[in-house]
Number of protein chains: 4
Amino acid sequence: MISKAENPSPNERQYVLTLSCPDDTGIVAKLSTFLAEHGAWIVEAGYFTDDNSSRFFTRQAVRAESVNISFEEFSAAFDELAESFGPGTRWRIWDTARNKKAVILVSKEGHCLHDLLGRVAQNDYPMDVAAVIGNHEDLRDIAEAHGVPFACVPFPKDAVGKRKSFDQVAELVNAHNPDAVVLARFMQILPPDLCEMWEGKALNIHHSFLPSFMGARPYHQAHRRGVKLIGATCHYATQDLDDGPIIEQDVIRISHKDTPADMQRLGRDAEKIVLARGLRFHLEDRVQVYGNRTVIFD
Amino acid sequence: MISKAENPSPNERQYVLTLSCPDDTGIVAKLSTFLAEHGAWIVEAGYFTDDNSSRFFTRQAVRAESVNISFEEFSAAFDELAESFGPGTRWRIWDTARNKKAVILVSKEGHCLHDLLGRVAQNDYPMDVAAVIGNHEDLRDIAEAHGVPFACVPFPKDAVGKRKSFDQVAELVNAHNPDAVVLARFMQILPPDLCEMWEGKALNIHHSFLPSFMGARPYHQAHRRGVKLIGATCHYATQDLDDGPIIEQDVIRISHKDTPADMQRLGRDAEKIVLARGLRFHLEDRVQVYGNRTVIFD
Amino acid sequence: MISKAENPSPNERQYVLTLSCPDDTGIVAKLSTFLAEHGAWIVEAGYFTDDNSSRFFTRQAVRAESVNISFEEFSAAFDELAESFGPGTRWRIWDTARNKKAVILVSKEGHCLHDLLGRVAQNDYPMDVAAVIGNHEDLRDIAEAHGVPFACVPFPKDAVGKRKSFDQVAELVNAHNPDAVVLARFMQILPPDLCEMWEGKALNIHHSFLPSFMGARPYHQAHRRGVKLIGATCHYATQDLDDGPIIEQDVIRISHKDTPADMQRLGRDAEKIVLARGLRFHLEDRVQVYGNRTVIFD
Amino acid sequence: MISKAENPSPNERQYVLTLSCPDDTGIVAKLSTFLAEHGAWIVEAGYFTDDNSSRFFTRQAVRAESVNISFEEFSAAFDELAESFGPGTRWRIWDTARNKKAVILVSKEGHCLHDLLGRVAQNDYPMDVAAVIGNHEDLRDIAEAHGVPFACVPFPKDAVGKRKSFDQVAELVNAHNPDAVVLARFMQILPPDLCEMWEGKALNIHHSFLPSFMGARPYHQAHRRGVKLIGATCHYATQDLDDGPIIEQDVIRISHKDTPADMQRLGRDAEKIVLARGLRFHLEDRVQVYGNRTVIFD
């Protein structure tokens, strides 16, 4: 059995604060004064204002040990400050000493799962994998080899049976109350209620550079169109299929020689990389969604 | 006045043979035996068979000085051989001592024109620019500074006037019998008869990674969709707008910070590069079209 | 004659503040409180602390019209604040209404000059080109076509003559008191005193991905070593040849088929792009140097 | 236990012929006539002549079922033909029905091993992994989970002990007579006699874009130099450390924010990708070495 990461990050403990609110002058001053008052040493800080919506976004990481009160007190004080920014303000604080929890949904194709579990084994992520759930048995062995429980929920073809399977998956997932539900080539379209339930934490990969080649068999579509690049997209799953907020994209060069089968093989590298990067951004609270767009503080 | 390239290629003189025909065993043997019989030293050879259409494609470059007969004799002998491959065979032979001829169509934005003329001044291309035609006067100075004649054909908004302008452009272009008609951000949609007349030699750039964001204002579309990559596509102009055979594509990474205006600025680099590479492939007879796909022997 | 940009940036007027000082808690709070007190609307803000040297770096851009005092008053107030951060603090403030001034040094090869002047003609840069100085006449025409004065200073081979030429170049350059001295493939090694005089404003391009292939003829070195990527580097010129702080780098894929001549042609695209990006970072006060490293707030 | 690929390639059976010899006119004609005479349907063909050494290289893949004699007869006939090309000719023929055999050497870091075994599980490669050999026990579990035997050969620090360990590794490797010895972050420098014994089949990864940052701790070197790109190189191991023929390279963009630890994490993706691609080229007989350079028919 492959030992899991005890301490997934080699870095020092941090408190990560994220906040979005209607833009105004003085927000940064209030925030940084608040941090200074509690001795917080800023390690990383990102700011962005969306001019269309006049919405302000920030992510700040501070050294935990520099803060002169307990995490609970600091967190409560931040709540109080954030509330003063008025209605519509959204904020969060994360103590990196707490690993994020993920459940991974798979089908038969294992490249993304192999990659993610390999990264976890390398301590790349502040993440524990609570469970892998597949609609086939194919990937049980690799999950269990990494010490991760695997559950198989078969998906029948009929609508009623499929719905029951989704309910079973939802129950298994929710039992872990995960920070991330990773659709690692799950191949089943989430019903709207699950998309809503897991809004902003269900990450999907689409194997094209969206919005090109939405829908099924994108590599075959790409071959027919004769494009010179194929790609992959990591996005949040929403009710609008293949139209959720994009977290990360990348492409790979192909040529006339590449068949759809070659593209599938080559594209797997783009899919793995895009999911791995998108998941990191998500786990480290680097992503904030507005409309169907994302701010990424990388 | 900037002197034009006398001898655009520093390389030795070559004969470049391109051929496509129904696939069969023995074609390569016949071709290479033909070349060997005439002493032709092969410098570069590319082969491809499209399995769907069972069509064979090749491009072969041989050292001119190694061929033991004149170019005219060699060309005639190749004609004879190619005809033996049966109906539907298409072939061409190019003596690199003859520069290709191009006419460039522009509007107000100059980045592609600056780039192309800079490359010609550097002897990068086996190409002479016979003329630049613009629907505005903006780029006259730079064309003339490079010693290239500039003609301005204004485009009125009404359909009849526009059609007259197109006829005038066509006349100006055809007077040069060019090998390439380069739509370097021309901003006018070619009417079907001109697309047909210049089939396989009118190169267009679309400022998106097609088929994403077809049609107008692709950077604004890209901004709305929240993509993480923008791109550009060099393709042959056909009657199906933005759907012609793709020659080259590339992308540039963007972030949430980039406005449509930023994308326009950043995207210009992709547009220039993609056009420059696509045009090179075209000029050097490296592109063969089948359906709306291209074989590129790069 | 090609008209120069009247107003090189389509964006609103901004004040750009850059500062570096020994790290401490509370610096961000003081800065942002200062900005808030003067009504300054922050458009862009970057922060970085180098853990090795415990040095803090920031760049902040604010909307000029949001500031409730004049630029001179605001600038004076910022001086006062910055001085309070103690010895070793370095800061600057730039009103984007003032275009930066550049002098470009060239030799015979024009690809970088074509590219830069094309960008200026497109209003891409907050920059006026005060002069182009060449050690040959080759690029006079293109400079003058863009309305930029060109001076030719021939460089003899003997050391004494060369030194005189450098003195003449220095005099011509310094007459403009430029913000940037761009060595756009100048092909002459700056003597130490000029490097020192223009410290932090002389940008050079080296046609390799430094530190690979330092010194002469990098493409020939790359060919001999059989690398699969070639590159280019934009860096500040320093007395340690090819060892100055790196601003930007990029690479291009090559294959066994590419000769040193092919690499030269292909590499020109990397050189242009890397210089164009590096120069933008420099002009927009996005670069801060520490040791032989750079912080880039992009 | 994860089942291994029964049939690693979904493609049809092919015979792959590779040959290099002194260049001459007529070689291609002889080869293609030979293929045509035996009914061989060419699926892929690559040619290259190195002008410096006047050496000719080719790789041809033909459909096995199109050949009108047995593989043994075809192979013998090719031997006969190849011998006629004179002394110094090197050739090989591979029946893709036979999987290549690999032994993988590892240490503690598992990212390359995870990736390779994941690819094998996906049937990506025409390869069986005969064994994984590590100088630590860390990666035993993952190897065995994939059904691959794992042997641990500890490496003591003293020269005599180390030499004994190398002898033991060599014995374990050679027992499988592998086509590829993959140094997947093995962290031990092969002694010259092993380099010679495994010439052209021992693939190493160096975690820099060689020739930059040769030797130890390249990410620390890269951080000190302040480069904006880090990379990885897949090359054949030779006696000249880090100077063997390069098969594949790639880079990843970094910024001033990235510490050597960040680079290690980011660089792992480059290492994995570069090894995966380089190994594919090697397994599919796409690589030919001349001097310290490689021809890659991709």
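Residues numbered from 1 in each chain as written. Chains lettered and ligands numbered in written order. Predicted model: local features only at pLDDT ≥ 70, side-chain atom pairs only at ≥ 80, totals over all residues. Heavy atoms only, no water.

Taking an unreviewed UniProt entry as the reference, chain A is identified by name as Formyltetrahydrofolate deformylase belonging to Corynebacterium aquilae DSM 44791. Recorded under Function (unreviewed entry), the UniProt text for chain A is reproduced unchanged: "Catalyzes the hydrolysis of 10-formyltetrahydrofolate (formyl-FH4) to formate and tetrahydrofolate (FH4)." Entered under Catalytic activity (unreviewed entry) in the UniProt record, the comment concerning chain A runs "(6R)-10-formyltetrahydrofolate + H2O = (6S)-5,6,7,8-tetrahydrofolate + formate + H(+)". (UniProt positions renumbered as here; feature names shortened; annotations may be inferred.)

**Q** What is the right way to read the relation of the copies chain A and chain B from this model?
**A** Two chain copies here: they are related by a rotation about an axis and a translation along the same axis. Taken as rigid bodies, chain A and chain B are interconverted by a rotation of 180 degrees and an axial shift of 0.0 Å, the fit giving an RMSD of 0.0 Å. Those values place the two copies in the arrangement expected of a two-fold rotation axis. Using C-alpha coordinates, one finds that chain A approaches the rotation axis most closely at Ser212 of chain A, a distance of 2.4 Å. (Least-squares fit on C-alpha atoms with pLDDT ≥ 70 in both.)

**Q** Quick question: what am I supposed to make of the sheet that holds strand β8 (residues 180-183) of chain C here?
**A** Strand-to-strand pairing in sheets goes through backbone hydrogen bonds, with the strands running parallel or antiparallel. Residue and element names in this part refer to chain C. If you walk across this open sheet you meet the 7 strands as β7-β6-β5-β8-β9-β10-β11, and the pairing is mixed. Sheet topology places β7 (150-152) and β11 (246-253) at the edges, where each strand pairs with a single neighbour. On average, adjacent strands in this sheet sit at an angle of 20 degrees to one another, irrespective of strand direction. Judged from the 4 bridges that link them, strand β5 (residues 100-106) and β8 form a sheet pairing that is parallel. In the sheet register, Ile104 faces β8, and the bridge partner there is Val182. (Pairing = 2+ DSSP bridges. Helix = DSSP H or I, 4+ residues; strand = E, 2+ residues; numbered from the N terminus. Axes fitted to C-alpha atoms, helices over the stretch in contact; angles between N-to-C directions.)

**Q** Just checking my understanding: could you explain the pairing of strand β6 (residues 127-134) of chain D for this structure?
**A** Each regular strand carries side chains that alternate between the two faces of the sheet. All names here are of chain D. The buried fraction of β6 is high, at 7 of 8 residues. Of the pairings in the sheet, the one linking strand β5 (residues 100-106) to β6 comprises 7 bridges and is parallel in character. Across the sheet, residue Ile104 finds its bridge partner in β6, namely Val132. Crossover connection from β5 via helix α3 (residues 111-121) to parallel β6: handedness right-handed. Here β6 runs beside strand β7 (residues 150-152); their pairing, made up of 3 bridges, is parallel. The partner of Val132 across the bridge, within β7, is Phe150. For the handedness criterion, the β-α-β arrangement of β6, helix α4 (residues 140-145) and β7 is classed as right-handed. (Buried < 20%, exposed > 50% of the residue type's maximum accessible area, 1.4 Å probe, protein only. Right-handed = clockwise from strand over helix to strand, strands pointing away.)

**Q** Would you explain unusual backbone geometry in this entry?
**A** Residues apart from glycine generally show negative phi values, whereas peptide bonds are mostly found in trans. A cis geometry characterises the amide bond from Leu210 of chain B onward to Pro211 of chain B, with omega recorded as 10 degrees. As for its placement among the helices and strands, Pro211 of chain B is situated in the loop between β9 (202-206) and α7 (218-225). Even without being glycine, Asn177 of chain A reaches a positive phi, approximately 45 degrees. Structurally, Asn177 of chain A is set in the loop between α5 (159-174) and β8 (180-183). Its identity is not glycine, yet Asp242 of chain B carries a phi of approximately 60 degrees, on the positive side. Within the fold, Asp242 of chain B resides in the loop between β10 (229-236) and β11 (246-253).

**Q** How do you make sense of the interface of chain B and chain D when you look at a structure like this?
**A** Accessible area lost when the parts come together is the quantity often used to give the size of an interface. Listed as interface residues are 17 residues of chain B and, on the opposing side, 17 residues of chain D. Overall, the association of chain B and chain D removes approximately 1300 Å² of surface from exposure, summing both partners, and the carbon and sulfur fraction of that is 62%. For the chain B face of the interface with chain D, the top three residues by lost area are Thr25, Trp41 and Tyr47 of chain B, together amounting to 34%. Scanning the region where chain B abuts chain D turns up 2 salt bridges. For Arg63 of chain D, the salt bridge identified is with Asp51 of chain B, shortest N-O distance 3.3 Å. Our count for the chain B to chain D interface comes out at 6 residue pairs in polar contact (both at pLDDT 80 or more). Those elements that provide at least two residues to the side of chain B that touches chain D are α1 (27-37) and β2 (42-50) of chain B. Split by residue class, the side of chain B that touches chain D holds 8 nonpolar, 5 polar and 4 charged. (Contact = heavy atoms within 4.5 Å. Buried area = accessible area lost by both parts, 1.4 Å probe. Salt bridge = Lys/Arg side-chain N within 4 Å of Asp/Glu carboxyl O. Polar contact = N/O pair within 3.5 Å; in protein donor to acceptor, adjacent residues only side chain to side chain. Nonpolar A, V, L, I, M, F, W, Y, C, P; charged D, E, K, R; others polar.)

**Q** Would you explain the confidence of the model for chain A in this entry?
**A** Low pLDDT marks stretches whose predicted atomic positions should not be read closely. When pLDDT is averaged along chain A, the result is 93, and 96% of the positions lie at 70 or above. The low-confidence segment residues 1-10 of chain A (pLDDT under 50) makes 22 contacts with residues lying over four places distant or belonging to another chain. (pLDDT = per-residue confidence, 0-100.)

**Q** Explanation requested: the domain arrangement of chain A in the structure shown.
**A** All names here are of chain A. Looking at chain A, the domain boundaries give domain 1 (14-95) and domain 2 (100-296). Taking only C-alpha atoms into account, the centre of domain 1 sits 31 Å from that of domain 2. Across the boundary between the two partners, domain 1 contributes 14 residues, which contact 10 residues of domain 2. When domain 1 packs against domain 2, the two sides together hide about 980 Å² of surface, and 54% of this comes from carbon and sulfur. Of all residues in domain 1, Phe57, Arg59 and Trp94 give up the largest surface area on contact with domain 2, accounting jointly for 53% of the area buried on that side. Residues Asp285 and Arg92 are paired through a salt bridge, measuring 3.4 Å at the closest nitrogen-oxygen approach. Connecting domain 1 to domain 2 are 5 residue pairs in polar contact (both at pLDDT 80 or more). Listed by contribution, the elements that provide at least two residues to the side of domain 1 that touches domain 2 are β1 (14-22), β2 (42-50), β3 (55-63) and β4 (90-95). Here the side of domain 1 that touches domain 2 gets 4 residues from one element, more than from any other, and that element is β1. Tallied by class, the residues present in the side of domain 1 that touches domain 2 amount to 5 nonpolar, 4 polar and 5 charged. (Domains from an automatic or database assignment.)

**Q** Explain the relation of the copies chain B and chain D to me, please; I cannot follow it from the model alone.
**A** Rotating chain B by 180 degrees about the axis while translating it 0.0 Å along that axis superimposes it on chain D, leaving an RMSD of 0.0 Å. Both copies share a contact surface, since 100% of the interface residues of chain B are interface residues in chain D too.

**Q** Teacher, can you tell me more about the packing of aromatic side chains here?
**A** Any two aromatic rings considered together are summarised by their centre-to-centre distance and by the angle between their planes. Under the criterion given, the structure shown has 44 aromatic pairs over all chains. Consider the rings of Phe48 of chain D and Phe57 of chain D, whose centres lie 6.1 Å apart with planes at 25 degrees: the pair is stacked. Of the two residues, Phe48 of chain D and Phe57 of chain D, both sit in the buried class. The rings of Tyr15, Phe34, Phe71, Phe74 and Phe78 of chain A are connected pair by pair, giving a single aromatic cluster. Over the face of the ring belonging to Trp94 of chain A we find Lys100 of chain A, whose NZ or CZ atom lies 4.3 Å from the ring centre. (Phe/Tyr/Trp six-rings, centres within 6.5 Å; stacked < 30°, edge-to-face > 60°. Lys NZ or Arg CZ within 6 Å of the ring centre and 35° of its normal.)

**Q** Just to check I follow, could you spell out the UniProt feature "domain: Formyl transferase N-terminal" (unreviewed entry) in chain A for this structure?
**A** Following the UniProt record, one finds the feature "domain: Formyl transferase N-terminal" (unreviewed entry) at residues 100-277 of chain A. Note that residues 100-277 of chain A is 37% helix and 24% strand, and that its end C-alpha atoms are spaced 15 Å apart.

**Q** What is the right way to read the UniProt feature "active site" (unreviewed entry) in chain A from this model?
**A** Per the UniProt entry, the sites bearing "active site" (unreviewed entry) are Asp242 of chain A in this numbering. Not counting residues up to four positions away in its chain, the partners in contact with Asp242 of chain A are His206, Leu210, Met214, Gly215 and His235 of chain A together with Arg225 of chain B.

**Q** Would you mind going over the sheet that holds strand β9 (residues 202-206) of chain D with me for this structure?
**A** Residue and element names in this part refer to chain D. On the basis of which strands lie adjacent, the open sheet formed by 7 strands has the order β7-β6-β5-β8-β9-β10-β11 and mixed pairing. Each edge of the open sheet carries a strand with a single partner, namely β7 and β11 (246-253). With strand direction ignored, the average angle separating the axes of adjacent strands in the sheet is 20 degrees. Taken strand by strand, helix α8 (residues 260-283) contacts β5, β6, β8 (180-183), β9, β10 (229-236) and β11, and its axis lies near 155 degrees from that of β11.

**Q** What's the story with the side chain of Asp285 of chain A in this structure? I'm lost.
**A** All names here are of chain A. Tracing the backbone through its elements, the reader meets Asp285 in the loop between α8 (260-283) and β12 (287-290). A distance of 3.4 Å separates the side chain of Asp285 from the side chain of Arg92, its partner in a polar contact. In contact with Asp285, not counting residues within four places along its chain, are Val16, Thr18, Arg59, Arg92, Trp94 and Lys100.

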